[in-house]
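What follows is the residue order along each chain.
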Amino acid sequence: MLRLIGRRLLLMVPTLILVSILIFALAEVLPGDVGRSILGPYATDEQVRILNKELGADKPLYERYARWAGGFVTGDWGDSLLLKVPVFPTVMKALGNSLLLAGFALLIIVPVSIVLGVFAGLRRDSVLDRGITISTLSMTVIPEFVSGVVLLYIFAVWLKWLPVTAMPPDGSPFVSRFYYLILPAIPLMFLELGYIARMARVGTVQVLAMPYIRTAVLKGLPRRRVIFGHVLRNAMVPTVTVIGSQVGWLIGGLVVIETLFVYPGIGKLMVDAAQTHDVVMLEASVLMVAVIYMAANLIADIVVALLNPRIRMGG
Amino acid sequence: MSDEQYRRDYAHHLIEQVNKGHMTRRQLLVRASVFGFSATAAGSLLAACGGSTSGGGSASPAPSGTGMPAPVMGGTLKAVLPPSITDLDPVTIYDQGGIVLISQFCEYLIDLDDKNGLKPKLAESWSPNTDASVWTFKLRQGVVFSDGSAFEAADVAATMDRLVDPKSGSAALSALGGILSPGGTVATDAATVTFNLDKPFADFPFMVSASSYNTVMLPRTYKGDWAKNPVGTGPWTMKEYVAKQKCTAVKNPTYWGKDAAGNQLPYMDQIDWVLVQDESAANLQLQSGAIDLQPQTVFQGSQALFADPNLRVDIYPGTGIREVAFNVNKDPWQDANLRQAVAWCLDREAINKALYDGRSNLGYDTFWEPTVYPGSPTPAPRAQDYDKAKQLLSDAGKSGGLEITLTVAKYLENPQLAQLIQAQCAPAGINVKLDQISYEAIYAGTQSGPNTDTPWLSAPMVIVEWGSRPTPGVFAQAMLLPDSAWSSSHWNNKDFATTFNQYMATSDEATRTTLGTKLSQIQQDDTPILVPFFITQLRTQKKTVYGVQGPGSFYCDVSQAFVATA
């Protein structure tokens, strides 16, 4: 197991370097430049040129990359070119917000979708199975900006049961943040429920068809023991892998939810940085999302290895 | 002639113009404010004209519905704004979020009222020499910056020199370039500033008013670090600013301002500005009751606010436009017949209805429009006329049809406008291909010189959004002269340019009216750009909120805002 973890951690280093180079290169092809973004459409070319020189944005790409990467490794992440604020605390705060929202959403999504998927798998082709499949898939196809607006209108504007934003006022106790996150977590649940529940259902159906399950049943093991001792453990392998792959999106891809619920997460931070050519901010935030994505997949692999000894033993 | 003698003569001239019917009473008030007459003096001029002095005045309107209740002191107002794209620097800001925030903490020499008229702020009075090439401003005394230093003429000179310095990155340079140069602003004494202009400019006070967003007064020691050390003379001081999220403004204890009844301003203790990019999210916050005020409401997508029983949407006469420019240097737009053909295809009423539910004012491809700029000559209306359009196409040798490309950013209601133009041109045989690009892409690239490639200045036909401008001359200066920095049409009409310089160099109102009529006629006839409408500004607030002032555009004054008790 330690060898597996060590190998995966080592692989993360070249991946991160590659991601950072790619982002720097891609930022070059984005329309506009930093000086123009800062000074706006009404500034003259001369004004933009002077500012770009001051910012060092006129230097070659490799030179800027080397300066930035060196600073990143040594803990000096620099200041945002546009907002003139330190990048490190800005990215970390946004990342913390996104982690909280993703974690809270996963707390709801994972148990609900697994329970629904396993029930559907155990009652294959029944009314319950079809009901769960159709309803969860229907929820998945609703775009989050549609479900988000509808939910906001019903629960925040009309009934006034829940707040219209995802952040409590300053000075509120930390626990109140979960109350504010209920509404934004629901559209995420809609999106993920169908996908994860379907994986849990497929896993359950496949495991139920395995000879060792038939043997366990024929041996006279109680149904509860067959399900919890044999079916669930093996059916969860593909489900855990899928959940791991969804964590990256739940952290860095929630631009619509963050925008609609006015939530200062890292998804919106990345999009804003990309649109305004704020390469320093963009690089740091994308790299941190990449780190989280890789960490989530590593954790998923560890869980899978724990569930399946063949993987743990390198088989 | 002394300044005082000149002012007396000019006052007499204004009265004479009204009595002869050459000016409206409203126009007298505007011109009197431009030439530095106080509200009282302007009222006296109106009285001298005879008849009622009410009506057409520039005082702030009472909120719609019932009358204004007595102000309530204290409390916190929650307002929503789009976040600033860049850091907060008064010299370089150019977007709505930054401009509204900066103007809470800093002040202009001259304010704008709800009808785009001028009213004194840090300058108590102003007056020009005879050809409007030298302007003298008298400053308010006893004003201090929030850092404790006194506001004096040297601060004005330093601020203006900074704004016209190309190295400062000033967003005001495009407006002030060619009018004021570094060193042109002189501190005559601590309370007097003289502006020596590069050329006569009769609308100059507007260029140092709230309509010229960057011209807030900063201390002479300003080092470009406003976000870290927010300093100004305004009614608020900054308690906290978190970029893209929020800004907390608290009452400035040393603020000089008082209301008409002598109450110390501002009324409220605190303003919480919530920075929200998405219009839908902002509207939902207004509807849920979490927010009290939205200084500028975009009509498209905000229709539900009009029906909300807890909200009041105030309508102000804005002058913002969507310029549809024909690049006269590129095919096929060298031919004025083709430009006019497109103009005659437009059903402006239908466009206004579709985009603004009929709330905006129609435009007829000239800036001199009396419905938005009182006293302007009335242009010939341009109702949709396909026969005329087809005839013009035929005259241009395009009777078989015309293929054109219209470049438009996916921003505000611009794409919808482009689609309407496309649909309305089709019956005349004009096939409009839409080139939709991002907001960032349309302003990217080289902006000047022979290698200009930024789409908004180089595309053959393009839609460009412009915020309110207080006079038609300010619009024309920015985009219709041969040396205009932001001319998407690249129109070079010598007759127009010569007439425009004459127009700006005279204070004789009869002459200005004659020249304005000629300018309007040239612009409409040659049609370098389409101006289908002037956008009415909307401001949304709870029905209990009163006293928000400003022209409903970027600038917004909440020093006299208060929340009425039920």
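Note that the coordinates shown come from a computational prediction; the quantities given were computed from them, not determined experimentally.

(A) Structural view of the overall build of chain B. Looking only at helices and strands, chain B features 18 helices and 20 strands. Counting all 566 residues of chain B, 59% fall into the buried class. For chain B, the share of sequence-separated contacts (at least 6 apart) that also reach a separation of at least 24 residues comes to 69%. As displayed, chain B has an accessible area near 19700 Å², and 51% of this comes from carbon and sulfur atoms.

(B) Summary view of the interface of chain A and chain B. With 33 residues of chain A at the contact, the number on the chain B side is 38 residues. When chain A packs against chain B, close to 3200 Å² is buried across both sides, 63% of that on carbon and sulfur atoms. Here chain A and chain B share 3 salt bridges between them. Between Lys84(A) and Asp87(B) there is a salt bridge, and its shortest N-O distance comes to 3.8 Å. Joining chain A to chain B, the criterion identifies 3 residue pairs in polar contact (both at pLDDT 80 or more). Secondary-structure elements contributing two or more residues to the side of chain A that touches chain B are helix H2 (34-39), helix H3 (45-55), helix H7 (144-158), helix H11 (255-260) and helix H12 (266-275) of chain A. Along the lines of polarity and charge, the residues of the side of chain A that touches chain B split into 17 nonpolar, 9 polar and 7 charged.

(C) Spotlight on the pairing of strand E18 (residues 533-542) of chain B. Residue and element names in this part refer to chain B. For E18, the buried fraction is high: 9 of the 10 residues fall into the buried class. One ladder, built from 3 bridges, connects strand E11 (residues 293-297) with E18; its direction is antiparallel. Bridge assignment links Gln294 to a residue of E18, and that residue is Thr540. Sheet topology note: the strand E12 (residues 311-326)/E18 ladder contains 7 bridges and is antiparallel. Bridge pairing links Ile315 to Leu538 in E18.

(D) Highlighting the pattern of salt bridges. All names here are of chain B. Inspection of every chain in the model, using the stated rule, returns 25 salt bridges over all chains. For Lys542, the salt bridge goes to Asp292, with nearest N and O atoms at 3.0 Å. With a gap of 250 residues between them, Lys542 in strand E18 and Asp292 in the loop between helix H8 (279-288) and E11 connect regions that are remote in the sequence. Where Asp495 meets Lys518, a salt bridge forms, and the shortest distance between an N and an O atom there is 3.3 Å. Of this pair, Asp495 sits in helix H17 (residues 494-504) while Lys518 sits in helix H18 (residues 509-526), and the two are 23 residues apart along the sequence. Residue classification places Asp495 among the partly exposed positions, given a relative accessible area of 38%.

(E) Focus on the packing of helix H10 (residues 336-345) of chain B against helix H12 (residues 386-395) of chain B. All names here are of chain B. Closest axis-to-axis distance for the H10/H12 pair is 8 Å, and the angle between their directions is 165°. Classified by the angle their axes make, H10 and H12 are roughly antiparallel. In the packing of H10 onto H12, the handedness of the crossing is left-handed. Of the residues in H12, those in contact with Asn337, Leu338, Gln340, Ala341, Trp344 and Cys345 of H10 are Tyr386, Lys388, Ala389, Leu392, Leu393 and Asp395. Looking at side-chain class alone, the contact of H10 with H12 contains 8 nonpolar, 2 polar and 2 charged residues.

(F) Quick look at the pairing of strand E6 (residues 185-189) of chain B. All names here are of chain B. The pairing of E6 with strand E7 (residues 192-196) spans 4 bridges and is antiparallel. For Val186, the partnering residue across the bridge sits in E7 and is Thr194. Counted between consecutive antiparallel strands, the loop separating E6 from E7 contains 2 residues.

(G) Representation of a nonpolar patch on the surface in the model. Residues Phe145(A), Val146(A), Val150(A) and Val256(A) make up a contiguous nonpolar surface patch of roughly 310 Å² in combined accessible area. The element that contributes the greatest number of residues to the nonpolar patch is H7(A), accounting for 3 residues.

(H) Quick peek at the confidence of the model for chain B. Residues and elements named next belong to chain B. When pLDDT is averaged along chain B, the result is 88, and 87% of the positions lie at 70 or above. For the stretch residues 52-66, pLDDT sits under 50, and the model shows 24 contacts to residues farther than four places along the chain or on other chains. Scored as a whole, the predicted complex attains pTM 0.82, and scored at its interfaces, ipTM 0.80.

(I) Representation of the sheet that holds E7(B). Residue and element names in this part refer to chain B. Strand order across the open sheet formed by 4 strands is E4-E5-E7-E6, with antiparallel pairing between neighbours. Of all the strands in the sheet, the pair left with one neighbour each is strand E4 (123-128) and E6. Pairs of neighbouring strands in the sheet enclose a mean axial angle of 20°, with direction left out of account. Together, strand E5 (134-139), E6 and E7 form the strand contacts of helix H5 (residues 153-163), whose direction differs from that of E6 by roughly 175°.

(J) Seen up close, helix H6 (residues 127-140) of chain A. Relative to the 20 Å expected for 14 residues at 1.5 Å per residue, H6(A) spans 20 Å between its end C-alpha atoms, a close match to the ideal helical length. The inward-facing, buried residues of H6(A) abut helix H5 (87-122) and helix H8 (176-208) of chain A.

(K) Region of the structure containing the packing of aromatic side chains. Residues and elements named next belong to chain B. As enumerated under the stated definition, the model contains 30 aromatic pairs over all chains in all. Aromatic pair Trp368 and Phe496: ring centres 6.4 Å apart, planes at 70°, arrangement edge-to-face. Of this pair, Trp368 sits in the loop between strand E13 (361-362) and H12 while Phe496 is found in helix H17, placing the two residues 128 residues apart along the sequence. Overall, Trp368 belongs to the buried group, its relative accessible area being 2%. We note Arg312 situated over the ring of Tyr546; from NZ or CZ to the ring centre the distance is 5.1 Å.

Cut-offs and rules
- Residues numbered from 1 in each chain as written.
- Chains lettered and ligands numbered in written order.
- Predicted model: local features only at pLDDT ≥ 70, side-chain atom pairs only at ≥ 80, totals over all residues.
- Heavy atoms only, no water.
- Helix = DSSP H or I, 4+ residues; strand = E, 2+ residues; numbered from the N terminus.
- Buried < 20%, exposed > 50% of the residue type's maximum accessible area, 1.4 Å probe, protein only.
- Contact = heavy atoms within 4.5 Å.
- Areas by Shrake-Rupley, 256 points an atom, 1.4 Å probe, with all protein chains shown as cover.
- Buried area = accessible area lost by both parts, 1.4 Å probe.
- Salt bridge = Lys/Arg side-chain N within 4 Å of Asp/Glu carboxyl O.
- Polar contact = N/O pair within 3.5 Å; in protein donor to acceptor, adjacent residues only side chain to side chain.
- Nonpolar A, V, L, I, M, F, W, Y, C, P; charged D, E, K, R; others polar.
- Pairing = 2+ DSSP bridges.
- Axes fitted to C-alpha atoms, helices over the stretch in contact; angles between N-to-C directions.
- Parallel < 35°, antiparallel > 145°, perpendicular 65-115°, else oblique.
- Left-handed = near helix turned anticlockwise from the far one by under 90°.
- Patch = residues over 30% accessible without salt bridge, like charges linked within 9 Å, V, L, I, M, F, W, Y side chains within 5 Å.
- pLDDT = per-residue confidence, 0-100.
- Expected span 1.5 Å × (residues − 1).
- Phe/Tyr/Trp six-rings, centres within 6.5 Å; stacked < 30°, edge-to-face > 60°.
- Lys NZ or Arg CZ within 6 Å of the ring centre and 35° of its normal.

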